[in-house]
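Residue strings, one per chain:
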Amino acid sequence: MSYCREEGKDRIIFVTKEDHEAPSNAELIADDPNDPYEEQGLILPNGEVNWNCPCLGGMASGPCGTQFKEAFSCFHYSKDEVKGSECIDNFRAMQECMQRYPELYPQDEDSESSPPQGQSGSAPPTDSNPPASTSQSAPSSDSEAPSEGQNAS
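Worth saying up front: this structure is predicted, and the values here are computed from it rather than measured.

(A) Main features of the packing of helix α2 (residues 65–76) against helix α3 (residues 88–99). Put simply, α2 and α3 touch, their axes get as near as 8 Å, and they point 155° apart. As far as their axial angle goes, α3 and α2 are roughly antiparallel. Every pair of crossing elements has a handedness; the one defined by α2 and α3 is left-handed. Within the contact between the two elements, α2 uses Gln67, Phe68, Glu70, Ala71, Phe72, Cys74 and Phe75 and α3 uses Asn90, Phe91, Ala93, Met94 and Cys97. Taken together, the residues that form the contact of α2 with α3 break down as nine nonpolar, two polar and one charged.

(B) Spotlight on the packing of aromatic side chains. This structure, assessed with the given rule, holds three aromatic pairs. Measuring from centroid to centroid gives 6.3 Å for Trp51 and Phe68, while their planes differ by 75°, and the two rings are edge-to-face. Of this pair, Trp51 sits in the loop between α1 (17–21) and α2 while Phe68 sits in helix α2, placing them 17 residues apart in sequence. On the basis of relative accessible area, Trp51 is assigned to the partly exposed category, the value being 25%. Members of the aromatic cluster, connected to one another through ring pairs, are Trp51, Phe68 and Phe72.

(C) Molecular detail of the environment of His76. Structurally, the position occupied by His76 is in helix α2. Taking the C-alpha atoms as reference points, His76 and Glu48, 28 residues apart in sequence, are found 9.0 Å from one another. Every residue in contact with His76, bar those within four places of it in the chain, is listed here: Ile43, Gly47, Val49 and Lys83.

(D) Highlighting the pattern of salt bridges. Counted by the stated rule, this structure contains four salt bridges. Residue Glu7 is joined to Arg5 by a salt bridge in which the shortest nitrogen-to-oxygen separation is 2.8 Å. Classification of Arg5 as partly exposed rests on a relative accessible area of 35%. Notably, a salt bridge pairs Arg11 with Glu6, separated by 3.5 Å at the nearest N-O pair. For the pair formed by Arg11 and Glu6, the shared burial category is exposed.

What counts as what
Residues numbered from 1 in each chain as written. Predicted model: local features only at pLDDT ≥ 70, side-chain atom pairs only at ≥ 80, totals over all residues. Heavy atoms only, no water. Axes fitted to C-alpha atoms, helices over the stretch in contact; angles between N-to-C directions. Helix = DSSP H or I, 4+ residues; strand = E, 2+ residues; numbered from the N terminus. Parallel < 35°, antiparallel > 145°, perpendicular 65-115°, else oblique. Left-handed = near helix turned anticlockwise from the far one by under 90°. Contact = heavy atoms within 4.5 Å. Nonpolar A, V, L, I, M, F, W, Y, C, P; charged D, E, K, R; others polar. Phe/Tyr/Trp six-rings, centres within 6.5 Å; stacked < 30°, edge-to-face > 60°. Buried < 20%, exposed > 50% of the residue type's maximum accessible area, 1.4 Å probe, protein only. Salt bridge = Lys/Arg side-chain N within 4 Å of Asp/Glu carboxyl O.

Following this line, the structure appears as structure tokens:
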């Protein structure tokens, strides 16, 4: 005899060998194009934002989900000449919220304040090629086009 038991958030279903041997009588339902849980991409066919899109990486459901949704919606529906320029306060509120949860929303360590790796910012990068000779010689008649350090005669 099959039965089901719930333990906290889990549902445990026990079935008999006979239940497994019988063919399934479950009926599959055709995909609903308006189902927001289906993989529709970021924008649904009706033009609304699909908050369930995996491309959002769970941002819409975290502790700053409300602020994210407000900022993203503002930008998405923006009609301003500079798209989203009216949304600065929404994005600022989202950023402030994210800073309160650094373990969930880590800051990039490679911000604009630090120079790229391997460069100190004071000396230009060195060229691995030795400098060209300062004396110029005329190209020989059997050579091709002048190289970078030579002038054509």
